[in-house]
Amino acid sequence: MESEARLALQEYLSLNRNEPHVNVRIEEYGIYIDKELQFLGASPDGLVTCDCCEVRLVEIKCPRIDLSRLSYLKDEKLKHKTSYYGQIQGQMMVTGIHKSYFYIYYGAGKEHFEILEYDETFCKDMRANLTKF
Ligand SMILES: [Zn+2]
């Protein structure tokens, strides 16, 4: 399912009417380790590149239930008080790539696409909580 989702996302980005991207590639990526907090790692689902924009991360979900029934979305946005939001912000913090796509694929034409920017305040708090022992 995830490889199908990757192809669907690639097509979505290439054919996007408002902002068509040229030569979109979604590369697999391994684990990043935080430079200072070495117990902190992130493994995003992919790295998105194209000829027109800077590199960004992507987190892909392939749920088994319809998009309208997903508890982590509200008004077509990822809720901030969810583990997915924390996970994506953590990935941006560790990798230093401050833009990420959140892509949910449930089948052809049933997809959710959202661009998330780095949330500095959120990450500062997260970091402070992680270093409290
Ligand atoms: Zn582009």
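Cut-offs and rules
- Residues numbered from 1 in each chain as written.
- Predicted model: local features only at pLDDT ≥ 70, side-chain atom pairs only at ≥ 80, totals over all residues.
- Helix = DSSP H or I, 4+ residues; strand = E, 2+ residues; numbered from the N terminus.
- Buried ≥ 20, exposed ≤ 12 C-beta atoms within 10 Å, placed from the backbone.
- Pairing = 2+ DSSP bridges.
- Axes fitted to C-alpha atoms, helices over the stretch in contact; angles between N-to-C directions.
- Contact = placed C-beta atoms within 7 Å.
- Parallel < 35°, antiparallel > 145°, perpendicular 65-115°, else oblique.
- Nonpolar A, V, L, I, M, F, W, Y, C, P; charged D, E, K, R; others polar.
- Core = buried A, V, L, I, M, F, W, Y, C linked by C-beta atoms within 7 Å.

## Points about the environment of Cys53
No. 1: Residue placement: Cys53 occurs in the loop between strand E4 (46–49) and strand E5 (56–61).
No. 2: With 14 C-beta atoms counted inside 10 Å, the residue Cys53 sits in the partly exposed group.

## Describing the sheet that holds strand E9 (residues 110–117)
No. 1: What the five strands build is an open sheet, ordered E1-E4-E5-E8-E9; its pairing is mixed. Of all strands in the sheet, those bounded by a partner on one side alone are strand E1 (25–27) and E9. Across the sheet, the mean angle from the axis of one strand to that of its neighbour is 30 degrees, orientation sign disregarded.
No. 2: Two elements, strand E8 (residues 99–107) and E9, share eight bridges in a ladder whose sense is antiparallel. The residue bridging Gly107 from the neighbouring strand is Lys110, located in E9.
No. 3: Contacts between helix H2 (residues 83–95) and the sheet are confined to E5, E8 and E9, with E5 contributing the most and set at about 155 degrees to the helix.

## Some details on the packing of H2 against helix H3 (residues 120–130)
No. 1: It is at 10 Å that the axes of H2 and H3 come closest, and there the two elements cross at 90 degrees. In terms of their interaxial angle, H2 and H3 are classed as roughly perpendicular. Where H2 abuts H3, its residues Gly86, Gln89, Gly90 and Met93 lie against Phe122, Cys123 and Met126.
No. 2: Residues of the contact of H2 with H3, tallied by class, amount to four nonpolar, three polar and no charged.

## Re the nonpolar core
No. 1: If you look at the biggest cluster of nonpolar residues, it comprises 20 residues, and the most contacted ones within it are Leu9, Val48, Val58, Met92, Tyr101, Phe102 and Tyr103.
No. 2: Broken down by secondary-structure element, the contributors of at least two residues to this core are helix H1 (2–15), E5, H2 and E8.
No. 3: Among the elements that make up this core, the one with the highest residue count is E8 (five residues).
No. 4: Dropping the residues within four chain positions of it, Met92 is found in contact with Leu57, Ile97, His98, Ser100 and Tyr118.

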